[in-house]
Amino acid sequence: MTVWEMLAVFAAGVSAGTINTIVGSGTLITFPVLLATGLPPVTATVSNALGLIPGSISGAIGYRKELRGQRRRVLKLAVGAMIGGLTGATLLLALPSTAFETIVPILVALALVLVILQPRISKAVQRRREHTGATTRPDGGPLLFVGLMLASVYGGYFTAAQGIIYLSLMGMLLDDTMQRLNAVKNVLAAVVNSIAALFFLFVADFDWTAVVLIAVGSALGGQVGARIGRRLSPAFLRVLIVTVGTVAIVQLVLR
């Protein structure tokens, strides 16, 4: 890489770490930049996955206050994230590059619809619970576990917008604040990126310059994102999620 390309990759890493902590879809910033430097798509994908791990961990640490009291929930959901992330990483190397990416815009669009409808759905679910006397399961039950595991398959394959899908699923099935759910999202993203990158270490080629630049940049961005993200209201955070997700769809369709 030239000096300017290295600066561009570093800046993309900072931006991705920031936006991943707040919403997700940071890969839609780093991935095109890596391709622009001349890296093959698969090398860019695996290098990006490894480089974003410090950013995910940094973001989770930044949200440590919101993680209090959620240990049992996080540990259970992390198991599904590990299984899904490993499956997605395997698919990346086993399938043609166009096979899975064809449905990516559809998955992101569905996630955005769920985010938009989440307040109404949550109110409807709450009214139903009050009517039937049912209680909310603190871990979301089997439906959330399976849903997040499937979302992690997608995350292990491409990673872009997996945070949006996580937030939409948890927002519907968990009775908790968006900020606390965002904290869980950051932990699950770190799990998926880590398990996928560990798998790639043994079977794929990395560009280590790109990995280091994104790692340092995303770690800084994770702290910036945590400071900004916890100050946002649930309504503004939801609008930001929909905005970023819409941009993600446009980029994925035009790419």
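See the structure above.
Cut-offs and rules
- Residues numbered from 1 in each chain as written.
- Predicted model: local features only at pLDDT ≥ 70, side-chain atom pairs only at ≥ 80, totals over all residues.
- Heavy atoms only, no water.
- Salt bridge = Lys/Arg side-chain N within 4 Å of Asp/Glu carboxyl O.
- Helix = DSSP H or I, 4+ residues; strand = E, 2+ residues; numbered from the N terminus.
- Buried < 20%, exposed > 50% of the residue type's maximum accessible area, 1.4 Å probe, protein only.
- Lys, Arg positive; Asp, Glu negative; His and termini not counted.
- Polar contact = N/O pair within 3.5 Å; in protein donor to acceptor, adjacent residues only side chain to side chain.
- Contact = heavy atoms within 4.5 Å.
- Core = buried A, V, L, I, M, F, W, Y, C linked by side-chain atoms within 4.5 Å.

Caption draft 1: Expanded view of the pattern of salt bridges. Applying the stated rule across the entire model yields two salt bridges. Put simply, Arg 73 and Asp 176 hold a salt bridge, and the shortest N to O gap is 3.0 Å. Of this pair, Arg 73 sits in helix α6 (residues 71-94) while Asp 176 sits in the loop between α10 (162-173) and α11 (178-203); the two residues are 103 residues apart in sequence, bridging distant segments of the chain. Relative accessible area serves as the criterion here: at 12%, Arg 73 is assigned to the buried category. As a salt-bridge pair, Asp 176 and Arg 180 come within 2.9 Å of each other at their nearest N and O atoms.

Caption draft 2: Molecular detail of the side chain of Lys 185. Along the chain, the position of Lys 185 falls in helix α11. Of the side chains bearing the opposite charge, Glu 66 lies closest to the buried Lys 185, which forms no salt bridge; the N-O distance is 12 Å. A distance of 3.2 Å separates a polar atom in the side chain of Lys 185 from the backbone oxygen of Thr 21. Setting aside chain neighbours within four positions, we find Lys 185 in contact with Asn 20, Thr 21, Ile 22, Val 23, Gly 24, Gly 163, Tyr 166, Leu 167 and Met 170.

Caption draft 3: Examining the nonpolar core more closely. Leu 148, Met 170, Leu 188 and Phe 200 are the most contacted members of the largest nonpolar core, which has 60 residues in total. A per-element tally of this core places α11 first, with 10 residues. Ignoring anything within four residues of it in the chain, the contact list for Leu 148 reads Leu 77, Tyr 166, Leu 169, Met 170 and Leu 188.

Read these as layout, nothing more, since geometry by itself doesn't imply function.
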